[in-house]
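# Structural characterization, general
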Amino acid sequence: MKELIYKITYALFYMVSLLPYRALYVLSDFFYVIVRLSGYRRRVVRHNIETAFPEKSTQEHRQIERRFYRWLCDYFVETVKLLSVSRETLLKHIEFRGTELVEECFDHGQNCAAMLGHYGNWELLSATGLAMTRHTDAVMGLIYHPLRSDLFDRLFIDIRQSMGGVCIPKKDILRYLVGYKRENRMNLFGYISDQAPKWENIHLWIPFLHHDTPVFTGAERIMRKMQNAVFYVDMERPRRGHYLVTFKLITTDPQSMEEHAITRRFFEMLEETIRREPSCYLWSHDRWRRTHEEFNRRYEVVNGKVIQRKES
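These remarks concern the structure in this document. This one's a predicted model, so the numbers in the text were calculated from it and none came from an experiment.

### Observations regarding the sheet that holds strand 1 (residues 94–97)
The sheet built from seven strands is open, its strands ordered 1-9-8-2-5-3-4 with mixed pairing. Looking at which strands have only one partner, the edges of the open sheet turn out to be strand 1 and strand 4 (166–169). In this sheet, adjacent strand axes meet at a mean angle of 30 degrees when their direction is disregarded. When strand 3 (residues 139–144) meets strand 5 (residues 187–192), the two strands line up parallel, connected through five bridges. Bridge pairing links Val 139 to Asn 187 in strand 5. Its contacts with the sheet put helix 9 (residues 218–226) on strand 2 (112–116), strand 5 and strand 8 (229–239), and the angle it makes with strand 5 is roughly 160 degrees. Across the face of the sheet, helix 10 (residues 261–276) comes into contact with strand 2, strand 8 and strand 9 (242–251) while running at roughly 5 degrees to strand 8.

### As for the packing of helix 9 against helix 10
Axis separation between helix 9 and helix 10 bottoms out at 9 Å; the angle between their running directions is 125 degrees. In terms of orientation, helix 9 lies oblique with respect to helix 10. The way helix 9 lies across helix 10 gives a crossing that is right-handed. Contact with helix 9, carried on its side by Glu 220, Met 223 and Arg 224, involves Ala 261, Ile 262 and Thr 263 of helix 10 and no other residues of that element. Of the residues that constitute the contact of helix 9 with helix 10, the class distribution is three nonpolar, one polar and two charged.

Definitions and cut-offs
- Residues numbered from 1 in each chain as written.
- Predicted model: local features only at pLDDT ≥ 70, side-chain atom pairs only at ≥ 80, totals over all residues.
- Heavy atoms only, no water.
- Pairing = 2+ DSSP bridges.
- Helix = DSSP H or I, 4+ residues; strand = E, 2+ residues; numbered from the N terminus.
- Axes fitted to C-alpha atoms, helices over the stretch in contact; angles between N-to-C directions.
- Contact = heavy atoms within 4.5 Å.
- Parallel < 35°, antiparallel > 145°, perpendicular 65-115°, else oblique.
- Left-handed = near helix turned anticlockwise from the far one by under 90°.
- Nonpolar A, V, L, I, M, F, W, Y, C, P; charged D, E, K, R; others polar.

Have a look at this one:
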């Protein structure tokens, strides 16, 4: 039964993906009206925008909010389009820059890691391999956290792998990276690094968009262990339906940098991207629900491990 439901769902999404971009954006406009009327996560979105930009007026906050919801609906139809779009058509909608720096690392036998946030349409990065000119056989992948719904988890894996990339659950990534290294297969993996960690995974707090923010440090530890060249993925949306993706080198020697320096630099660069155009960030995620004050009250760090205080 589950397989039948998946096939029906996939077929429906695939049929939608066959629509031309112009028709998909008309559909997105319709979704926008529905989403706004439903008030989807409005409280979270409004709170996040207002606290991230306290210097802006209420009118500016509401403008960011409206533009965010329009972008969110576009993100959905653009992602569905990946199921059927040709590679030639897709490259008319996304331009890659800086991939020659990635290939230079490959030339020297060094694998790469790319850090990115929930900004723009991160799903389009599954097409990065299309921009490679010499290392067309390199593995292009995305590290992801499985969705709660098995159906949509499988659907999004199919979407993300439609352009030749591979999806690896974050709990398995180190094993895969070691395997690729043994096979001498060049690889570039993207780490979406701005999620909110669980209490027991909080080892670092940094300033980010006017918040004392808990962040993951696991990605940096993997990059150091694998001696990856580290890039930041900067995404711009100059106009509807068009994206500019730039790979910006952070370091080719992660072990030479101080602990957490890579993570701190990533969040600095991500904040610059968001401030340039705030509406394309995923404001609907309640990423600041955990505060430093509550952490200190409920948890303590013992021998590098976060444990709950006995009196909590």
